[in-house]
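Chains, contacts and geometry: an overview
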Protein chains: 2
Amino acid sequence: MVKCSRCKKPAFTKLARHNASFCEECFELFFSRQVNEAIKKYRMFHKTEPVLLGVSGGKDSMSLWHYLHRSGYQVVGIHFDLGIGEYSYLSRKIAEDFAQSYALPLQIIALSETIGYSIPQIAQRIRHRSPCSLCGSIKRYLLNQFAFSNHFTVYATGHNLDDETATLLGNVLHWQTDYLAHQNPSLPSPHPKMPRKVKPFYSLTEEEISLYARIKEIPFITEPCPLSKKAKSLNYKEALNLLEKYSPGTKHNFFFGFLEKASQLFSSHGEVVLKGCEICGMPTTQKTCSFCKIMQKVHERKDDHVHSRTE
Amino acid sequence: MVKCSRCKKPAFTKLARHNASFCEECFELFFSRQVNEAIKKYRMFHKTEPVLLGVSGGKDSMSLWHYLHRSGYQVVGIHFDLGIGEYSYLSRKIAEDFAQSYALPLQIIALSETIGYSIPQIAQRIRHRSPCSLCGSIKRYLLNQFAFSNHFTVYATGHNLDDETATLLGNVLHWQTDYLAHQNPSLPSPHPKMPRKVKPFYSLTEEEISLYARIKEIPFITEPCPLSKKAKSLNYKEALNLLEKYSPGTKHNFFFGFLEKASQLFSSHGEVVLKGCEICGMPTTQKTCSFCKIMQKVHERKDDHVHSRTE
């Protein structure tokens, strides 16, 4: 029988990358230490500061919500209802039910109400290589707007080590030096209208977070977004899983090595000047921000449609 | 029937990463252009300069030998007989037979004669995590020594795009900034006792070189070195092949993007001071060069053995 590396009781899981086995109790301790260390090392937030937390309904954000709440942080959840059929219905329900059970504040932003269109409607109107990139732009915009209007200074997300290494691999394969300059578990606010962004789970793997969710019986949506099936990040994750299998610790060393040895080499490539968008006034590097550009295209297409109908 | 993208004759191959199909003739033209462009762009060598070419007996080095010879370059082959059983016997025979058929100069360096031990003997005497790394150190040393004694100023190898991207991925996953500083298709000589090192095939894939070898009926050894079965480079190649399958051009963009956008960021990490090894006088960054360290260990082990026998 495999024993817990820490207390010698029967183990319930083995973490190859740490070459350690844990019982449930010691796994929780390991998990807490990883998150607390991340929050402390990167000075993410403290207990008196309200934290806005992006809640998708998936295992990572739901576990982070659970963890931060029970650790005494002041968390306000924010969930974007993207209008992607059953997937969005279920994700929202999970977030709402959880908020209700624990009496936690949750802000729902339903795209079809806030901007008049769901993600599938926008993707249908605009020919774009990837709905994920469109959706990301829209969520980032609405998030910044909400955080600014409601005086949130920090925004947390449930990104884990698998997410971070997949992003890092994608950035490295394309040598996107500007993105590499901004890849960090804690990003300072680049503009008074934008909160700083932090990732308390950056050192934990998907597998470890799933274990935490299982132990704590945290509800979450298991199916992925149906529009993200061709997302390149899935290919990067598959390649990294292969390398991790051959050599446990690959992901950890890749991401931590980047932060220690390489990140600063790219820093001069990330300097940007943010000014107000000529349409909405929110920060952008260009004349018009990407959200307003998307909405312009959506409205143009709508006009086209109306026009062609009346012809 | 698929047609050649260039001349519209029936195609014999499709290169996904170039989104092009070629007949045999146009493929050869494509191939030549890639190599000539590499030699010209990096000023690798010219036709009046003798080029020392590392010939392992594999498809890459044999094809490069064939290509450079028929293009009018002055090539001298150098083959290291590593003493790895049947594998070494066959590799050497292929190199010797080819040299004889085309009346080309070939230098054989048999490790068991030159240094008294084969690679398996050395690997057996020294506990080392990887025989590939030991073998690499020994070959590099003997190569530098031979090139210096025989006044060769340039050393060419058959490394291809798959090799280069696998090395790049390994260097990036570990953020070996010093190795990244030195990864280039053409490395200037860092010391008067060392030739510059060039890779004319750096922009061609394994698949493309195999096609060239097939068309030109170039003999080569197909089995890999039996000691390299656990080489990490094979895992990196597998991961990159997966990504290339999902997105043709991944390898090309990764390596060319590195050369264009990232390589110079690491350059300050590659500055080293080379001095003479206290034992052999060949250049090294340390007091004793890695070759002399290996040989010291080999001799120590031999003495131990003799000593324990006489006890």
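All residue numbers refer to positions counted from 1 along the written sequence of the respective chain. Both sets of labels track the order of writing: A upward for chains, 1 upward for ligands. This being a predicted model, a pLDDT of at least 70 is required before a residue's local features are given, and a value of 80 or more before pairs of side-chain atoms are given or counted; all residues contribute to the totals for chains, interfaces and linings.

Next up on the list: the nonpolar core. A set of buried residues drawn from Ala, Val, Leu, Ile, Met, Phe, Trp, Tyr and Cys, joined through C-beta atoms within 7 Å, is what defines a nonpolar core. Buried residues are those with 20 or more other C-beta atoms within 10 Å of their own C-beta, exposed residues have 12 or fewer, and partly exposed residues lie in between; C-beta atoms are placed from the backbone. Among the nonpolar cores identified, the biggest contains 113 residues, and A:Leu53 and B:Leu53 are the most heavily contacted of them. By the convention adopted here, residues are in contact when the distance between their C-beta atoms, placed from the backbone, does not exceed 7 Å. In contact with A:Leu53, not counting residues within four places along its chain, are A:Ser61, A:Leu64, A:Trp65, A:Leu68, A:Val75, A:Val76, A:Gly77, A:Ile78 and A:Ala156.

Once that is clear, we can look at the interface of chain B and chain A. If you look at the interface, chain B gives 20 residues, while chain A gives 20 residues. Secondary structure elements follow DSSP: runs of H or I no shorter than four residues count as helices, runs of E no shorter than two count as strands, and numbering proceeds from the N terminus. Listing elements by their share of the side of chain B that touches chain A, those giving two or more residues are helix H7 (161-173), helix H10 (232-246) and helix H11 (250-262) of chain B. When residues in the side of chain B that touches chain A are grouped by element, the largest group, seven residues, is from H11(B). Of the residues contributing to the side of chain B that touches chain A, the split by class is 12 nonpolar, six polar and two charged. Amino acids outside the nonpolar list (Ala, Val, Leu, Ile, Met, Phe, Trp, Tyr, Cys, Pro) and the charged list (Asp, Glu, Lys, Arg) are all regarded as polar, and Gly is one of them.

For the rest of this paragraph, the subject is helix H11 (residues 250-262) of chain A. The set of residues buried in H11(A) consists of A:Thr250, A:Lys251, A:Phe254, A:Phe255, A:Phe258 and A:Ala262. Looking at the buried residues of H11(A), the elements they touch are helix H7 (161-173) and helix H10 (232-246) of chain A together with H7 and helix H8 (177-181) of chain B.

Below, the discussion takes up the pairing of strand S5 (residues 106-110) of chain B. Residues and elements named next belong to chain B. Here, a strand pair is defined by DSSP locating no fewer than two bridges between the strands. The pairing of strand S4 (residues 75-81) with S5 spans five bridges and is parallel. Pairing of Ile-78 across the sheet is with Gln-107, part of S5. Read as a crossover between parallel neighbours, the route from S4 over helix H3 (residues 85-102) to S5 is right-handed. Crossovers are marked right-handed if the path from the first strand over the helix to the second runs clockwise, as seen with the strands pointing away from the viewer.

In superposing the copies, a least-squares fit is computed on C-alpha atoms, taking residues whose pLDDT is at least 70 in both. For the pair chain B and chain A, the superposition axis carries a translation of 0.0 Å, the fit reaches an RMSD of 0.0 Å, and the rotation angle comes to 180°. Within this description, the copies of the chain are treated as partners about a two-fold rotation axis. The position closest to the rotation axis in chain B is occupied by the C-alpha of B:Ala239, lying 2.5 Å away.

Right, let's get into the domain arrangement of chain A. All names here are of chain A. Entries for chain A in the domain assignment read domain 1 (25-272) and domain 2 (273-311). How far each domain reaches was decided by an automatic or database domain assignment. If you average the C-alpha positions of domain 1 and of domain 2, the two centres end up 27 Å apart. Each side of the interface is counted separately: domain 1 has 16 residues, and domain 2 has 13 residues. When residues in the side of domain 1 that touches domain 2 are grouped by element, the largest group, six residues, is from helix H6 (residues 131-149). Considered class by class, the residues forming the side of domain 1 that touches domain 2 number 10 nonpolar, four polar and two charged.

Take the sheet that holds S4(B) next. Residue and element names in this part refer to chain B. A sheet is described by the order of its strands in space; here six strands give the open sequence S5-S4-S3-S6-S8-S7, paired in mixed fashion. Two strands close off the open sheet at either side, each with one partner strand: S5 and strand S7 (186-187). Both strand S6 (residues 154-156) and strand S8 (residues 196-198) contribute to a ladder of three bridges, which runs parallel. Note that in S8 the partner of Ala-156 across the bridge is Val-198. Helix-sheet contacts for helix H2 (residues 59-70) involve strand S3 (51-54), S4 and S6, and the interaxial angle to S3 is about 155°. Axis angles are defined between N-to-C directions and span 0 to 180 degrees, where every axis is a line fitted to C-alpha atoms and, for a helix, only to the segment in contact. This element, helix H6 (residues 131-149), spans S3, S4, S5 and S6 of the sheet and lies at about 140° to S4.

Right, let's get into the packing of H7(A) against H10(A). All names here are of chain A. For the pair H7 and H10, interaxial distance at closest approach is 9 Å and the crossing angle is 105°. Between H7 and H10, the crossing angle belongs to the class labelled roughly perpendicular. Contacts from Asp-162, Thr-165, Ala-166, Thr-167, Leu-169 and Gly-170 of H7 reach H10 at Lys-232, Ser-233, Tyr-236, Lys-237, Ala-239 and Leu-240. Looking at the contact of H7 with H10, its residues break down into five nonpolar, four polar and three charged. Each angle gets one of four labels, with under 35 degrees taken as roughly parallel, over 145 as roughly antiparallel, 65 to 115 as roughly perpendicular, and the rest as oblique.

Running from amino to carboxyl end, H10(A) crosses H10(B) at an angle of 165°, the nearest separation of the two axes being 10 Å. Classified by the interaxial angle, the pair formed by H10(A) and H10(B) is roughly antiparallel. In this structure, the crossing between H10(A) and H10(B) has a hand that is right-handed. Contact residues: H10(A) offers A:Asn235, A:Glu238, A:Ala239, A:Leu242, A:Leu243 and A:Tyr246, while H10(B) offers B:Asn235, B:Glu238, B:Ala239, B:Leu242, B:Leu243 and B:Tyr246. For the contact of H10(A) with H10(B), the per-class residue count stands at eight nonpolar, two polar and two charged. Each helix crossing is assigned a hand: it is left-handed if the near helix lies turned anticlockwise from the far helix by less than a right angle, otherwise right-handed if that turn is clockwise.

We now examine H3(B). Residue and element names in this part refer to chain B. The span one expects for a helix is its residue count, reduced by one, times 1.5 Å. Taking 1.5 Å as the rise per residue, H3 with 18 residues should run 26 Å; its terminal C-alpha atoms sit 26 Å apart, in good agreement. Turning to H3, its buried residues are Ser-88, Ser-91, Arg-92, Ile-94, Ala-95 and Phe-98. Looking down the long axis of H3, one finds its buried residues gathered within 155° of arc, a one-sided arrangement. Opposite the buried face of H3, at more than 90 degrees from it, the exposed residues are Gly-85, Glu-86, Asp-97, Gln-100 and Ser-101. Buried residues in H3 make contact with H2, S4 and S5. Of the residues trailing H3, Ala-103 is marked for its positive phi of about 50°. The arc in question is formed by the directions pointing from the helix axis toward the C-beta atoms.

Residues and elements named next belong to chain A. Secondary-structure assignment places Arg-127 in the loop between helix H5 (119-125) and H6. Judged by the 8 C-beta atoms lying within 10 Å of it, Arg-127 is exposed. Spatially, the C-alpha atom of Arg-127 lies 9.6 Å from that of Lys-297, the residues being 170 residues apart in sequence.

Moving on, we come to the sheet that holds strand S3 (residues 51-54) of chain A. All names here are of chain A. One open sheet accounts for six strands, arranged S5-S4-S3-S6-S8-S7; its pairing is mixed. Across the chains shown, the open sheet's two edge strands, defined by having one partner strand only, are strand S5 (106-110) and strand S7 (186-187). Seen against the sheet, helix H3 (residues 85-102) touches strand S4 (75-81) and S5 and runs at an angle of roughly 160° to S4. Strands S3, S4, S5 and strand S6 (154-156) of the sheet are contacted by H6, whose axis makes an angle of about 140° with S4.

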